[in-house]
Amino acid sequence: MAVLILGVAVRLHRLAYSPASHLLIRRPPAAISSLGRRNVASMSDKGEHTHGRWCSVPDLRLRDHWFSVPLDYTSSDSSTRIFVFAREVVAGTYLLVASNGVDYSPSSPAPNLIDLPSDKNSFLKLVKKSNRCHIYYIFKVDRALNVHGQLKLVRGTGLSTPLTVSSLSQIKSASQKADFLQHFRADNIVRDAEFVRVHLVPNAEPWTVLGQSFGGFCAVTYLSIAPEGLKSVLLTGGLPPIGRGCTADTVYRACFEQIIHQNEKYYQRFPEDIDLVREVVIYLEESEGGAVPLPSGGLLTARGLQSLGLSALGSSTGFERLHYMFERVWDPALVKGAPKRISYFFLKAFEDWMSFDRNPLYAILHESIYCQGASSRWSAQRVRDEFEARFNAVLSAREKRPIMFTGEMIFPWMFDEIHALRPLKEAAHLLAEKEDWPLLYDIDTLKNNKVPVAAAVYYEDMYVNFKLAMDTASQIAGIRLWITNEYMHSGLRDSGSQVFDHLMGMLKGKRPLF
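Now for a description of the structure that goes with this document.

Rules used in this analysis
Residues numbered from 1 in each chain as written. Predicted model: local features only at pLDDT ≥ 70, side-chain atom pairs only at ≥ 80, totals over all residues. Heavy atoms only, no water. Helix = DSSP H or I, 4+ residues; strand = E, 2+ residues; numbered from the N terminus. Contact = heavy atoms within 4.5 Å. Axes fitted to C-alpha atoms, helices over the stretch in contact; angles between N-to-C directions. Parallel < 35°, antiparallel > 145°, perpendicular 65-115°, else oblique. Left-handed = near helix turned anticlockwise from the far one by under 90°. Nonpolar A, V, L, I, M, F, W, Y, C, P; charged D, E, K, R; others polar. Salt bridge = Lys/Arg side-chain N within 4 Å of Asp/Glu carboxyl O. Buried < 20%, exposed > 50% of the residue type's maximum accessible area, 1.4 Å probe, protein only. Pairing = 2+ DSSP bridges. Right-handed = clockwise from strand over helix to strand, strands pointing away. Phe/Tyr/Trp six-rings, centres within 6.5 Å; stacked < 30°, edge-to-face > 60°. Lys NZ or Arg CZ within 6 Å of the ring centre and 35° of its normal. Core = buried A, V, L, I, M, F, W, Y, C linked by side-chain atoms within 4.5 Å. Arc of directions from axis to C-beta. Polar contact = N/O pair within 3.5 Å; in protein donor to acceptor, adjacent residues only side chain to side chain.

### Here we look at the overall build of the protein
Helix and strand counts for the protein stand at 22 helices and 19 strands. Contacts in the protein between residues far apart in sequence, at least 24 positions, make up 73% of those at least 6 positions apart.

### A short note on the packing of helix α4 (residues 174-181) against helix α18 (residues 425-433)
Close contact between α4 and α18 brings their axes to 8 Å; oriented N to C, the two are set at 55°. On the basis of their axis angle, the class for α4 and α18 is oblique. Seen along the crossing, α4 lies across α18 with a hand that is right-handed. The segment α4 lies against α18, with Ala174, Ser175, Lys177, Ala178 and Leu181 engaging Glu426, Ala427, Leu430 and Leu431. Its residues assigned to classes, the contact of α4 with α18 shows six nonpolar, one polar and two charged.

### Observations regarding the pattern of salt bridges
Applying the stated criterion across every chain yields a total of 15 salt bridges. For Glu460, the salt bridge identified is with Lys265, shortest N-O distance 3.0 Å. With Glu460 in the loop between β18 (453-458) and α20 (466-473) and Lys265 in helix α7 (residues 248-269), the pair connects residues that are 195 residues apart, well separated along the chain. Judged by relative accessible area, which is 23%, Lys265 ranks as partly exposed.

### Quick look at helix α14 (residues 379-386)
One turn of the α-helix equals 3.6 residues, which is why residues spaced by three or four share an orientation. Along α14, the residues that are buried comprise Ser379, Ala380, Gln381, Val383 and Arg384. Looking at the buried residues of α14, the elements they touch are α7, α9 (302-306) and α15 (388-391).

### Let's talk about the pairing of strand β19 (residues 479-484)
Where β18 meets β19, six bridges bridge the pair, whose relative direction is parallel. Each bridged residue has a counterpart across the sheet, and for Ala454 the counterpart in β19 is Arg480. In terms of handedness, the path from β18 via α20 over to β19 forms a crossover that is right-handed.

### A closer look at the packing of aromatic side chains
As enumerated under the stated definition, the model contains 22 aromatic pairs in all. Ring geometry for Phe214 versus Phe217: centroids 6.2 Å apart, planes at 50°, classification tilted. With Phe214 and Phe217 both in helix α6 (residues 214-225) and three residues apart, this pair spans about one turn of that helix. Among the aromatic side chains, those forming a connected cluster through ring pairs are Tyr266, Tyr267, Phe270, Phe319, Phe326, Phe346 and Phe405. The aromatic ring of Phe184 is capped on one face by Arg155, whose charged end is 5.4 Å from the ring centroid. Stacked on the ring of Phe345, the Lys or Arg Arg328 has its end atom at 3.8 Å from the ring centre.

### Looking at the nonpolar core
Leu239, Leu305, Leu308 and Phe326 are the most contacted members of the largest nonpolar core, which has 125 residues in total. Here this core gets 10 residues from one element, more than from any other, and that element is α7. When near neighbours in sequence (up to four residues on either side) are disregarded, Leu305 contacts Val277, Val280, Val281, Leu284, Leu300, Phe326, Phe346, Phe350 and Phe405. Listed in part, the 15 residues of the second largest apolar core include Trp482, Phe500, Met504 and Met506.

### Focus on the environment of Val451
Checked against the element boundaries, Val451 lands in the loop between α19 (443-447) and β18. Exposure remark for Val451: the relative accessible area of 8% places this residue in the buried category. In contact with Val451, not counting residues within four places along its chain, are Leu223, Pro227, Leu230, Lys231, Ser232 and Val233.

### Brief notes about α20
Buried residues of α20: Phe466, Leu468, Ala469, Thr472 and Ala473, and no others. Projection of α20 onto a plane perpendicular to its axis shows the buried side chains occupying an angular sector of 165°, all on one side. Those residues of α20 that are buried are in contact with α7, β18 and β19. At the N-terminal boundary of α20, the capping side chain belongs to Asn465, with an oxygen 3.1 Å from the backbone nitrogen of Lys467.

### Side note on the side chain of Arg197
Here Arg197 is to be found in helix α5 (residues 186-200). Every residue in contact with Arg197, bar those within four places of it in the chain, is listed here: Ala204, Glu205, Pro206, Trp207, Tyr222 and Gly229.

Structure, rendered in structure tokens:
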């Protein structure tokens, strides 16, 4: 069996292949289009797929693959191409896993973007349960994990033409940036996956897709546009809203209600943080310009502080991590009369947790994942305005109410306050106004689905609203649901082998269907 893991890791760098050395060489390109042509030319005698040599690490065999794919599959001009990188990790099986990595949060380091067990022993345990199948991890076009083959493959991420702040600086105009970035959504991730499957899986056999979070969104797109490539699909916290137009407003209205609930649970667990967070908000508001400089050159404002909820409120260990950050928010008074000051530790921890400098695509394209033939127009900000009475941090602090952290939302002011995002501000605005986004889902195809699908639906999922997920499930023929409040959105990372085993058991008839 082959399993593909789809995810959201978004990094992008162009790669050049050296036929003489069989090595992958990173070249700083002079121009993206010319680099694409040069890369294709350097591989012309090898075709669209090449691979390195096998190497070994304890218990695993590794091999790297590179695929030259079109930037835009719908264009008649195929001269602009990008590279998709896949690392085959052999432990005896084929599995394609789609994961958003780190709960679709931008805060994880690139190598650990997928929500599977992070330690080797747990991963090998999962592999043994998959009956010696190849496992391909495909993160938004950069990786694939092949356990007899792991492949890490998601465009714009990892080694798959990673889109970073520095690489995107090669594109000078905002309109050209926006035109380039529009091709890094789920539809092209699926086309890349099909390209890899046909070139890599023996006899181009269908494979199983495991989709975590945004990886699940990609997997449902896969069911819509290329079901012939699928043997079965496993979804964990990844059932997307599939209505026409832009569903972002509906998503955010539902999510704000869940976020309020998560805030209430946080303050119930750590009631002393009510006053502490309020104190920090007042300090920021009374600082010059209503902000404190961050180590990277950005600004920490009261509304920026609230964005810590993006990662903190939706995972199993997030509450504790947030609380421990606030324990060290103030510098100690080493000298009598020294003014109160937010500690460097806290400011650096804030930046490390958000880490948009390493993963700008999350910010730039986040709202676009909800768009089909309509623009988002900064939906999160517009919906937040509807909840202003609850989410105005300064007003809440003055009225001595708890400060509400926000959730998985990107706001336009982030492109002013976060240093790494400032060069992408104009392109982000253009993408927010873009109306002609292609369709990502085919409801008629989903209603006539023949591919076996099993999905874990987390009752208190902050990132993928339960009610909206159930609406989508009702339109996918034959889907088998496991509804649980035992896990949060990070269930696959927290208990990967158990979650995987449960879903595979449902597909094989060893578990109850509901």
